[in-house]
Amino acid sequence: MAIKVSTRLQKLADCCPVSKVAADVGCDHGKLSALLIEMGKAERMIATDISEPSLKKAERLADESGMQIETRLGDGLKPLLNGEAETVVIAGMGAMQIIDILSADREKTDSFAHFLLCPHTYPERLREYLNTNGFIIEREDILFEEDEQKTQKNRKNDKDALPGGHYYPIFLAKKGEESAFEKDELLYGRWWKTHFDPTYQMFLEGRLAHLKSIIEKAPAPIKEIEEQKEICEAFYKHFLKLEE
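The structure presented is a predicted model; accordingly, all values stated were derived computationally and were not measured.

## Observations concerning the nonpolar core
- Membership of the largest hydrophobic core comes to 30 residues, with the highest contact counts inside it found for L12, L32, M45, I69 and L116.
- Here the element with the most residues in this core is helix α2 (residues 31-38); it accounts for 5 residues.
- Discounting chain neighbours no more than four positions away, the residues touching L12 are L32, A91, L116, C118 and I170.
- By size, the runner-up hydrophobic cluster in this structure holds 27 residues, among which are I98, F115, L117 and I137.

Dropping the structure here:
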């Protein structure tokens, strides 16, 4: 059966490495698990969720599709046995929740080959955690989901304004050591110092415009925001050279 998914889930599936067994932590409806099998990214999936109603939806999808999707109820990595999945996907939540899951049982965490992570908030905090706790970020990707109402609002007075919506960073990480990230690498990612992507260009332009707007509207200088703007401008200038 053909699985219909959102642009975000499709992007996650595209970024997922091929594994014999993969796990989707916080699977909700289970569509990502089904899609990964359909795409040949996994032979078998373990779909877990802390919510029993959500897991019921995944169970129904597994039954209807006939795919090898095993559902398990539980929090974080607790439903998984050490090393039984090659890739663990954790998405649909904030960076701090992902960090809590990764740090709860390091022996278990370290038993999995890869983690595909998609923090909805504070990606810089997840980068810092990974960089200082024995992980290597092998690659980053980014997805933009446009909100048409926000785009219309942005362009009401400026037809050239950037579209409105939400950016979803995606990290592929594994156990290992790499040199400490500089501040700009924590904020914007070491990966993007050597890899160009038009979506990330749009993200940086939006971030820079946001910081400038805060500075313009502030009644007095805000040192932290001024510093962030300088970092963002320098990173953006370097990033643009990658396209040349």
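## Remarks on the sheet that holds strand β1 (residues 19-25)
- The strand order β3-β2-β1-β4-β5-β7-β6 describes an open sheet built from 7 strands, whose pairing is mixed. A strand with exactly one partner marks an edge of an open sheet, and here the two such strands are β3 (69-73) and β6 (135-146). Looking at each pair of strands side by side, their axes are set apart by 20 degrees on average, direction ignored.
- Note: strand β4 (residues 87-93) against strand β5 (residues 114-119), 6 bridges, orientation parallel. The residue of β5 that forms the bridge with V89 is L116.
- Lying over the sheet, α2 contacts β1, β2 (42-49), β3 and β4, oriented at roughly 175 degrees with respect to β2.

## Describing the layout of surface pockets
- Taken as a whole, the largest pocket spans an internal volume of roughly 990 Å³.
- Around the largest pocket, the lining is made up of 28 residues, and of these Y167, F203, G206, R207 and H210 lie nearest the centre.
- Elements supplying a minimum of two residues to the lining of the largest pocket: α6 (123-132), α7 (148-154), β7 (165-175), α8 (183-188) and α9 (198-217).
- For the lining of the largest pocket, the element with the most residues is α9, which contributes 8 residues.
- What the second largest pocket holds in volume is close to 180 Å³.
- Looking at the second largest pocket, the residues that line it are D75, G76, L77, K78, Q97, D100, I101, A104, D105, K108 and T109.
- Among the secondary structure elements, those contributing two or more residues to the lining of the second largest pocket are α4 (95-104) and α5 (106-109).
- It is α4 that provides the largest number of residues to the lining of the second largest pocket, a total of 4 residues.
- Residue composition of the lining of the second largest pocket, by class: 3 nonpolar, 3 polar and 5 charged.

Parameters at a glance
- Residues numbered from 1 in each chain as written.
- Predicted model: local features only at pLDDT ≥ 70, side-chain atom pairs only at ≥ 80, totals over all residues.
- Heavy atoms only, no water.
- Core = buried A, V, L, I, M, F, W, Y, C linked by side-chain atoms within 4.5 Å.
- Buried < 20%, exposed > 50% of the residue type's maximum accessible area, 1.4 Å probe, protein only.
- Helix = DSSP H or I, 4+ residues; strand = E, 2+ residues; numbered from the N terminus.
- Contact = heavy atoms within 4.5 Å.
- Pairing = 2+ DSSP bridges.
- Axes fitted to C-alpha atoms, helices over the stretch in contact; angles between N-to-C directions.
- 1 Å grid on protein atoms, 1.4 Å probe; cavity = no way out; pocket = protein on both sides within 12 Å on 5 of 7 lines; lining within 4 Å.
- Points joined across faces, edges and corners; volume = space filled by probe spheres on them.
- Nonpolar A, V, L, I, M, F, W, Y, C, P; charged D, E, K, R; others polar.

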